[in-house]
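Per-entry structural report
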Amino acid sequence: MRGDPNARLTILSEVEKTALYGIPNFDDFQRIEFFAMTDAERSLALGRKSVLAQVYCLLQIGYFKAKQAFFQFSLDDVQHEDIAFLLQRYFPGQTLVNAPLHTSEYYVQRNKVAKLFGYRMCSDDDLPALRAKATLLARTDVTPTFLLGELMVFLIGQRIVRPGYTTLQDLITHALSVERDRLEKLVEKDLTATARKALQQLLESDDALSELAALKQDAKSFRYLQMGMERQKRLTLAPLYTIAKTLLPSLDISQLNIAYYASLANFYTIYDLRRFKPGQTNLYLLCYAWQRYRQLTDNIVEAFGYHARHLEDSTKAVANQQAAQIHNERQQATPRVGELLLLYVDDSLTDVTPFGTVRGKAFRIMPEEKLRSTGKLLTETPVSQMDLRWQAVDKQSGLCTKNLRPLATALDFASSSASGKVWLAALQWMNEVFAGHKRLATQQLEDIPQRTIPTRLRNFLLSFDEEGKPVGLRADRYEFWVYRQLRKRLDAGDIYLDDSVQHRRFADDLVSMEAKAEALKALDIPWLRQPADQTLDALFVELDKQWRAFDSELRSGKLKHLEFDPVKKTLTWHRPKADKDKQLQQGFYGKLQARDVADVFRFVNERCNFLSAMTPLQPRYAKKVADADSLMAVIIAQAMNHGNFKMAETCDIPYHVLEATHQQHLRPATLIEASNVLSNFIASLPIFPYYSIDMDVLYGSVDGQKFATASPTLKARHSRKYFGKDRGVVAYTLLANHVALQTQMLGANQHESYWVFDICYNNTSDIKPTTITGDMHSINMANFAILHWFGMNLAPRFTNLHAQLKHLCRGPDQEGYADFLIQPVGQIDRHLIAAEKSNLDHIAATLGLKEMSQSVLVRKICTLSGHHRTRKALFEYDKLIRTIYTLRYLRDPQLQRDVHRSENRIESYHQLRSTIAQVNGKKELTGRTDLEVDISNQCGRLIANVVIAYNSMLLSGLLGRCLAAGNEKALDLLRRISPAAWQHLHFLGHYAFRGKHNPIDLEAVLAGIDWDAAG
């Protein structure tokens, strides 16, 4: 890329840089902790010549213990409380003359302190090793923040004091440059002339649209025309994908970096890509071809599954409706038929009565035509449900041919199981017949692949002559039957596609433990650190302990929230009630002066500068820091569904500026980073620890929220319950202490439980919850186990006690449960878990290394064949963890209340998030593609966190007043106020961004609040 080669890369925001390199800002507890000196530390400090030098040395030691770094400072630069604390503890009665420390003394102290703690200063001799480490790391992930974090870990491991920020900037810039040059040279060396021409073809304009621009267009639905375009895009990319499939593995490039380079090709314009070096452009395009081809494959597979399920459901519904209609007709006819039968024993009708008279009476009971149809109905053999189902298939055969056939033909299915290969043979046979422009009905019966027509369906799939011999195939029914089997086996994993992201073979998704041994050492995965027997011994001991404590406490009546009926052998559960703090919250926020959201946005940004994370797409050509006013405007426009055009009409920034800012700065990566800065800022506020439900446990909660979409996309699905006639998506969010840490867009048809681990493990903020609460949608057969592997706990809020009793199991060698009031329903297979340890390690390693989307892996695990030993072992481990949690949950009403409060918090966040989304009148997300919808959702989360940050600053101000006054009652009330409130904010109106028209004075806002009255 062109530009100033000496320009340093911006890695950290000013706030993050201060957190890493700024002098520590201790509170009272930290001051006691870090300034508590050992004999060696005290001896070093007090051995300096003057009291001034000794105080400087004590400060340096305390600060080094906190940040493993050294600081050049004057006494005016540090907190007065730090100096006062040291004087009181180590120099009682002495005074200190404020003077600067001589430079030579600073260096002497620095070297002695480093040596004392076993560290050494970073020198020029260390730079080659650091460059090599950074260069190697860049092959895994080229994100500057990742490289910085890993270099920090490396420096700590080598006991080297981290160098200055500019040195790290230079190291990372050099590593990225080396990696870019390496890849460019390899790509240019290995690309053939034909491949270069094919890549260049993507950038050539045909009328107004280049091939690449056409490939970037996302399908709006699964309809025939849209899927036709998807298949055509896939055909266009097929030659390039073949090249990428051969070339990319030879580049020693991670999946993460492939996705990153592919995203650049997606975001950059055709004009930008033409200006880059050929090697750079070709690398981006190859990665894009690799990823886009697989994504298109998944789109076609999803469409195939969608249409197959839709056809199955619609034919089943039609058959059920017809069966019900026939049943009703029979029921309605029965009384009339009874009256007709009574004519035979009617004494008023003699044997000589003319038949015409009898028939006349019969027609008065039932009209002639009705009598004929009813007689026919009752004399014929009743139509079976299966007959009706296949008759419905006959009527829908056109949809099968139109929608399913081209999709199935386009896909390259594979299978390693015998049952899967049977149906792939059937598909191949049908494709060969269709390719020859022949009909299935005209094929010989012996040509039909074996084992594809079960005995029970012969009468429905074959046609027979008068003698009952099969003479032909009922083509439409057979084709539907094959597609139905393919869909079922795709879902079960028996059939897979190699060139796919979500539908590859399960074994192919797992990483090699040997190849990733070094990377796994750096990961904190408790399951991989201990032998299986050691882990299982501890868990089964805990399981037995919980069982015996539960039975004992239930018998003694200690569990007041549970009532056991000894006659019916049933439990009655008194569930915890919701918090009653809403009135308190309304009373507090009702006293605040209402402010515009733009003023609040600006005020929060001035405190933590989270907009600095909104880096431009092309940092060498654009300003490092974007225009804050324009950024605020476009983020609010996306979050509140105004759109840039409407926002330009209601604010003081023109449309072309908003549009340019949107295109250059709004990306999921920048919005996520901005939210991380904001989340970390909230965590640094004094009020944040008071949000904790339990001081020993940081609770997080996960849940999905439904949003309609302004435009149709592939991820948007119909749901009459939530969207009416529209389509929508689910915003799946991780919350901790009222702060929205992560959000992920899901389809309304996808099960939320597959994303629980994904969203928790990929949390990039500094707030790390360890206990994750959720509703019943957070539970599947693997989540308890997987989260436990990684040191996290799943703590769902149970709604049905009796349903949970059916999941309580015991260990294999645990006896003495026969007399328990509540009996285990099964036994956990410990031997299977231990035997499958190596395979379970593969799953844990794959999840930890993020080599693929964890949600895809979890979905595959849950849908594997019931006979799969590794799946069964994982489910057994899940039973173990789930039983321990359920017993703890039943025994501990405080745990129930804590989980309940955690879930209430995410519901409060959803109300705030819903209010933001509905500013423009409808609860929906804007965007014409799934990517744009994701950006809209990320903007909404950012605005919600801005509101929470503003309220947290207000509450922190009140906290200081309460602590200073020693007002414990007010402090208790303060803990119960949620920052997820908006009644004191104006979300709608004419937005004024240019200039600081209404700056917020926090002290003035709080001055008008009588806290005792508010309480």
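Everything numeric in this text was worked out from a predicted model, so none of it was measured.

Here we come to the overall build of the protein. The number of helices and strands found in the protein is 45 helices and 21 strands. Counting only C-alpha atoms and orienting by the principal axes, one finds that the protein spans roughly 140 × 80 × 65 Å. Considering only intrachain contacts with a sequence separation of at least 6, the fraction spanning at least 24 residues in the protein is 76%. Of the roughly 47500 Å² of accessible surface on the protein, 51% is carried by carbon and sulfur atoms. Charged side chains of the protein number 126 positive and 114 negative; the gap between the two group centres comes to 2 Å.

Here we come to the confidence of the model for the protein. In this model, the protein carries an average pLDDT of 87, and 95% of its residues clear a pLDDT of 70 or more. Here residues 1-6 is a poorly scored stretch, pLDDT under 50, and it has 11 contacts once near neighbours within four places are set aside; other chains count. Every residue in residues 619-625 is under pLDDT 50, and counting partners more than four places away or in other chains gives 15 contacts.

This next bit is on the pattern of salt bridges. Two side chains bearing opposite charge may form a pair once their charged atoms approach each other closely. Evaluated as defined, the whole model comprises 38 salt bridges. Asp491 serves as the salt-bridge partner of Arg487, at 2.9 Å between the closest nitrogen and oxygen. Residue Arg487 and its partner Asp491 are located together in helix H22 (residues 475-492), separated by four residues, close to a single helical turn. Given a relative accessible area of 13%, Arg487 falls into the buried group. Exposure remark for Asp491: the relative accessible area of 32% places this residue in the partly exposed category. The shortest N-O distance in the salt bridge between Asp533 and Arg830 comes to 3.9 Å. With Asp533 in helix H26 (residues 532-556) and Arg830 in helix H37 (residues 830-835), this pair connects stretches of sequence that are 297 residues apart. Here Arg830 falls in the partly exposed class, since its relative accessible area comes to 21%.

In this section: the pairing of strand S7 (residues 470-473). Bridge count for strand S6 (residues 462-464) against S7 is three bridges, and the pairing is antiparallel. Residue pairing in the sheet places Ser463 in a bridge with Gly472 of S7. Hairpin connection of S6 to S7: five residues between the antiparallel strands, including Gly468 at a positive phi of 85°.

So, on to the packing of helix H8 (residues 144-157) against helix H9 (residues 165-190). Interaxial distance between H8 and H9 falls to 10 Å at its minimum, and their mutual angle equals 120°. The pairing of H8 with H9 is recorded here as oblique in orientation. Where H8 crosses over H9, the two elements pack in a sense that is right-handed. Contact residues: Pro144, Leu147, Leu148, Leu151 and Met152 in H8; Leu168, Ile172 and Leu176 in H9. Its residues placed into classes, the contact of H8 with H9 shows eight nonpolar, no polar and no charged.

Before going further, it helps to spend a moment on a nonpolar patch on the surface. A grouping of Leu341, Leu342, Tyr344 and Val345 is seen on the molecular surface, where their side chains present a nonpolar patch of about 510 Å² in accessible area. Within the fold, Leu342 resides in helix H15 (residues 278-342).

Here the focus is unusual backbone geometry. Within the chain, Arg451 stands out as a residue other than glycine whose phi angle is a positive 65°. You can see Arg451 is positioned in the loop between helix H20 (418-435) and helix H21 (458-461). Its relative accessible area of 63% is what places Arg451 among the exposed residues. Of note in the backbone geometry, His738 takes a positive phi value of approximately 75° without being a glycine. Position of His738 relative to the elements: it lies in the loop between strand S14 (727-736) and strand S15 (739-747).

On to the packing of aromatic side chains. Per the stated rule, a full pass over the model turns up 45 aromatic pairs. Ring centres of Phe645 and Tyr655 lie 5.8 Å apart, and the angle between their planes is 70°; on these two criteria the pair is classed as edge-to-face. With Phe645 in helix H30 (residues 643-650) and Tyr655 in helix H31 (residues 655-665), the pair connects residues that are 10 residues apart, well separated along the chain. Given the relative accessible area of 54%, Phe645 is considered exposed. A cation over a ring is seen here: Arg162 above Tyr21, with NZ or CZ 5.4 Å from the ring centre. Residue placement shows Lys923 over the ring face of Phe707; its charged tip is 5.4 Å from the ring centre.

Parameters at a glance
- Residues numbered from 1 in each chain as written.
- Predicted model: local features only at pLDDT ≥ 70, side-chain atom pairs only at ≥ 80, totals over all residues.
- Heavy atoms only, no water.
- Helix = DSSP H or I, 4+ residues; strand = E, 2+ residues; numbered from the N terminus.
- Contact = heavy atoms within 4.5 Å.
- Areas by Shrake-Rupley, 256 points an atom, 1.4 Å probe, with all protein chains shown as cover.
- Lys, Arg positive; Asp, Glu negative; His and termini not counted.
- Charge placed at Lys NZ, Arg CZ, Asp CG, Glu CD.
- pLDDT = per-residue confidence, 0-100.
- Salt bridge = Lys/Arg side-chain N within 4 Å of Asp/Glu carboxyl O.
- Buried < 20%, exposed > 50% of the residue type's maximum accessible area, 1.4 Å probe, protein only.
- Pairing = 2+ DSSP bridges.
- Axes fitted to C-alpha atoms, helices over the stretch in contact; angles between N-to-C directions.
- Parallel < 35°, antiparallel > 145°, perpendicular 65-115°, else oblique.
- Left-handed = near helix turned anticlockwise from the far one by under 90°.
- Nonpolar A, V, L, I, M, F, W, Y, C, P; charged D, E, K, R; others polar.
- Patch = residues over 30% accessible without salt bridge, like charges linked within 9 Å, V, L, I, M, F, W, Y side chains within 5 Å.
- Phe/Tyr/Trp six-rings, centres within 6.5 Å; stacked < 30°, edge-to-face > 60°.
- Lys NZ or Arg CZ within 6 Å of the ring centre and 35° of its normal.

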